[in-house]
Amino acid sequence: MSHPSAPAELQADCANCFGLCCVALPFAASADFARNKDAGTPCSNLQDDYRCGIHTRLRETGWRGCTVFDCFGAGQKVSQVTFEGRDWRRHPETSRQMFEVFPVMRQLHELLWYATEALSLPAARPAHAGLRRARAKVEALTRADAGTVAGTDVGALRAEVNVLLLEASELVRAKVPGRRRNHRGADLMGARLAGADLRGANLRGAYLIAADLKKADLRTADLIGADLRDADLSGADLTGSIFLTQAQLNAARGDAATRIPNALTRPAHWPAG
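Residues numbered from 1 in each chain as written. Predicted model: local features only at pLDDT ≥ 70, side-chain atom pairs only at ≥ 80, totals over all residues. Heavy atoms only, no water.

### Some points on the overall build of the chain
Cut-off, in case you're wondering: We count a stretch as a helix when DSSP gives it H or I for four or more residues in a row; a strand needs E for two or more, and each element gets its number in order from the N terminus. The buried label applies to any residue whose accessible area, calculated with a 1.4 Å probe on protein chains only, is under 20% of its type's maximum; exposed applies above 50%, and partly exposed to all values in between. Only four residue types enter the charge count: Lys and Arg as positive, Asp and Glu as negative, with His and the chain ends excluded. Just so you know, the charge point we use is NZ for Lys, CZ for Arg, CG for Asp and CD for Glu.
From N to C terminus, the chain includes 7 helices and 0 strands. Principal-axis analysis of the C-alpha atoms gives the chain an extent of 60 × 45 × 30 Å. Scored against the burial criterion, the 273 residues of the chain give a buried share of 50%. A distance of 5 Å separates the average location of the 35 positive side-chain charges in the chain from that of its 30 negative side-chain charges.

Quick look at the structure:
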């Protein structure tokens, strides 16, 4: 089993975005960011054309966090649909609301990503009718006016959709023979899981920071919300894993032997050979 190709509308298109992730979001000086930045303040590396001036040198100059972030296509949706191509520089009256809408839109697009993936899983067919209704509801919200988007109760919406995603996950993982590990929300930071058989495992929200997952079998494992920062995925098999995102993959370490879902891209900072 493998993921389908990711829908274009759920992939970041920076050329059609007004650099919203570089302006709307705050960050603090840390191992991921070279300095502090307040929400609504443009990053010092943001150029007039809304491109990053150090895009090819982000990791070596202290901006690793930027290479991990994924907006799921929310940036271009806010820029080109919600605000109809009016950018915050030439139309400063839009800036405050635009910066409020963007983080909400990102969460809505993340839900669309998960629902779209669940609808592609044949084993989850009993949950598809509910998932289609939920996806249509979220999609309609993403095309609403700025005030409606900003006022969305994302927590309640996530809880509603998560019931369906969990049902889809259980249906898919039930097809895996043998014992399926349940590590939901577990603290597995630095855990030694090299070569582990984690097929069909529940790793929802698990803390896998710096875990050793070399050559682990993660096929059909549910990875929604799992923290994979600095986890070693060298030689691991992630094909068919459920609800893995590009941001999670970017945060981990892997190599040329790491097998990843079709919908995702091998991170540029992973060694090629």
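The structure having been displayed, the exposition proceeds.
### Examining the pattern of salt bridges
Where we set the bar: Salt bridge, as used here: a side-chain nitrogen of Lys or Arg that lies within 4 Å of a carboxyl oxygen of Asp or Glu.
Scanning all chains against the criterion turns up 18 salt bridges. Across the pair Asp230 and Arg64 runs a salt bridge whose closest N-O atoms are separated by 3.3 Å. You can see Asp230 sitting in the loop between α6 (154-173) and α7 (246-251) and its partner Arg64 sitting in helix α1 (residues 64-68), a full 166 residues away along the chain. For Asp230, a relative accessible area of 28% translates into the label partly exposed. Residues Arg96 and Glu100 are paired through a salt bridge, measuring 3.0 Å at the closest nitrogen-oxygen approach. On the criterion of helical spacing, the pair formed by Arg96 and Glu100 is a turn pair, its members being 4 residues apart in helix α3 (residues 95-119). The exposure class of Arg96 is exposed, given its relative accessible area of 57%. The exposure class assigned to Glu100 is partly exposed, which follows from its relative accessible area of 37%. Each member of the salt-bridge network shares a partner with another, and the members are Asp197, Arg199, Asp217, Arg219, Asp237 and Arg259.

### Details of the packing of α3 against helix α4 (residues 128-142)
The test is simple: Orientation is described by axes fitted as lines to C-alpha atoms, over the contacting stretch for helices, and by angles from 0 to 180 degrees between their N-to-C directions. Oblique is the label for any angle not covered by the other classes, which are roughly parallel (under 35 degrees), roughly antiparallel (over 145) and roughly perpendicular (65 to 115). Handedness of a helix crossing follows the sense of rotation of the near helix relative to the far helix, less than a right angle counterclockwise being left-handed and clockwise being right-handed. Note on contacts: a residue pair is in contact if any heavy atoms of the two residues lie within 4.5 Å.
With their axes 9 Å apart at the nearest point, α3 and α4 run at an angle of 155 degrees to one another. Classed by the angle they form, the pair α3 and α4 counts as roughly antiparallel. In the crossing of α3 with α4, the sense of the turn from one axis to the other is left-handed. Mapping the contact onto sequence places Met105, Leu108, His109, Leu111, Leu112, Ala115, Thr116, Ala118 and Leu119 in α3 and His128, Leu131, Arg132, Arg135, Val138, Glu139, Leu141 and Thr142 in α4.

### Focus: the nonpolar core
Selection rule: We define the nonpolar core as a collection of buried residues of types Ala, Val, Leu, Ile, Met, Phe, Trp, Tyr and Cys that are connected through side-chain atoms lying within 4.5 Å of one another.
Counting residues in hydrophobic clusters, the biggest one holds 74 residues, and the most contacted among them are Leu20, Trp88 and Leu213. Elements with a minimum of two residues in this core: α2 (74-82), α3, α4, α5 (146-150) and α6. No other element matches the 12 residues that α3 contributes to this core. With residues up to four places along the chain from it excluded, the contact list for Leu213 reads Leu193, Ala194, Leu198, Leu228, Ala231, Asp232, Leu233, Ser234 and Ala236. Counting residues in hydrophobic clusters, the runner-up holds 6 residues, among them Phe27, Phe33, Cys43 and Ile54.

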